[in-house]
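So the chains spell out like this:
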Amino acid sequence: MKFEISKELIVTIREWIATENKNALIAYSAEVHWADIAEILDELHYEESKYFFELLDEEVSADILTELEEDVRDRLLSELSSKEIAEHLDNLDSDDAADVIAHLSEEQKEEVLSQVEDIDQASDIVDLLSYGEDTAGGLMAKELIHVDKNWTLLRCVREMRKQAEEVEHVYTIYVVDENEVLCGTMSLKRLLLSSERTLVSKIYNEKVISVKASTSKEEVAIIMQKYDLVALPVVDELNRLIGRITIDDAVDVLTEEAEKDYQMASGITENIESSDSVMVLTRARLPWLLIGLLGGIFGAQIMGYFEIEKNAQLALFAPLIIAMGGNVGVQSSAIIVQGLASDTLGHITLSKRLVKEFLVALVNGGFCAAIIFGVSFFMKEDIAFAETISMALLCVIVFAALFGTVVPLSLNKYKIDPALATGPFITTANDVFGLCIYFYIAQWLLGT
């Protein structure tokens, strides 16, 4: 059953905190998953979150740190000593531990790592912090199960038992050679069914999908999604096994990318939350509003240039032309951006993509133009006027579809996030170009 935070629950939690009812808080935390507790802490005032957090078991509080909103987590860490932070890191996998301290100052990182009791854990965290957070190296964990292909299965099981003490979830058994080069994977079923004297080299699967540490996290998520992987090995430039990425990390990447693309499509330039300050929210939203304002000014100038007052009836359909162009442009760009994000566009050339969009726009535009022809003729009983409106609408729809296709593909070619092409950008551009097309057609057909 999905956990949901209710107003009544938050009120109850706050009452327990206000009355310092530690027993109730501890008992409740024992019944609820730590990820749900993190969600509750994000909803509380900071002092309340701090009080609740300090009551929790050390292992649970360590896991909660990985799920908290960054601002809450950073504030909690700022009030913990280096030794206390190090104790939390000892209870986390290396990738989560690296994420927790990633935003600390370099001086504080060194101090915390010096307090970590497990030297191997500290070494793994240092290694992970050296990779960019947007790469496979920044996503991976160092904990994994690997065996040498020259081992017998008897030794293999013995060594796996030792390694498993440090690994919370065993997804895959990786096979390496004497130089730690990744050779393949081994099936647990074949391990169980084979003789204990059998060499690993006789039963392992040589087909293995891996990524380099420098691979982008977006590409990692796409690979794991495409091949239905629950774990993906990471190798260095010499193909030596250095870590693994698990499905939960890939889901986080996909969620993060979806949120970022949605915000860009909505005209928001930063990754924000509803709980952010007025200044942060304003800074993230204002740039695209100003671009939209500039587009409106250009639109007004275009209407003035064509002396719309001499043929005021054209103004009646200007909002419709603008709206349809914007909608079609957003539809086209959204399809392209989605295809680029999921890597499903394949190797279709730009010309074929444009032809396809042109045909779709022609069918949709023709249908809409036929409707608007009938409506405008009914309103004005002027066939020339009706032809002008329907012709303009068809042309604007075709232009918007092609423009919405070309822009994201062009941005992607030059390594610019194509999500910028959706939402306000396309809408504003189509407003301006759509008005130009509309009035030039009116000038051509009506002589206005």
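For the structure, check the block above.
Residues numbered from 1 in each chain as written. Predicted model: local features only at pLDDT ≥ 70, side-chain atom pairs only at ≥ 80, totals over all residues. Heavy atoms only, no water.

A short note on unusual backbone geometry
- At Asp-228, a position not held by glycine, the phi torsion is positive, near 55°.
- Mapped onto the elements of the fold, Asp-228 is located in the loop between α15 (217-226) and β5 (231-235).
- Judged by its relative accessible area of 67%, Asp-228 is exposed.
- Positive phi is not limited to glycine here, since Asn-239 has a value of about 65°. (Helix = DSSP H or I, 4+ residues; strand = E, 2+ residues; numbered from the N terminus. Buried < 20%, exposed > 50% of the residue type's maximum accessible area, 1.4 Å probe, protein only.)

Structural notes on the sheet that holds strand β6 (residues 241-246)
- Reading across the sheet, the 3 strands line up as β4-β5-β6 and stay open at both edges, with mixed pairing between neighbours. Only two strands of the sheet have a single partner each, and these edge strands are β4 (211-212) and β6.
- Note that β5 and β6 share 5 bridges and pair antiparallel. Bridge pairing in β6 places Val-234 opposite Gly-243.
- Its contacts with the sheet put α15 on β4, β5 and β6, and the angle it makes with β5 is roughly 135°. (Pairing = 2+ DSSP bridges. Contact = heavy atoms within 4.5 Å. Axes fitted to C-alpha atoms, helices over the stretch in contact; angles between N-to-C directions.)

Overview of the packing of aromatic side chains
- Across all of its chains, the model carries 7 aromatic pairs by this definition.
- For the pair Tyr-438 and Phe-439, a centre-to-centre distance of 5.0 Å together with 40° between the ring planes defines the contact as tilted.
- The buried category is assigned to Tyr-438, whose relative accessible area is 0%.
- Taken together, the aromatic side chains of Phe-399, Phe-403 and Phe-433 make up a single cluster linked through ring pairs.
- In this structure, Arg-75 is placed above the aromatic ring of Tyr-46, and the distance from its NZ or CZ to the ring centre is 3.9 Å. (Phe/Tyr/Trp six-rings, centres within 6.5 Å; stacked < 30°, edge-to-face > 60°. Lys NZ or Arg CZ within 6 Å of the ring centre and 35° of its normal.)

The analysis is restricted to geometry; functional conclusions fall outside its scope.
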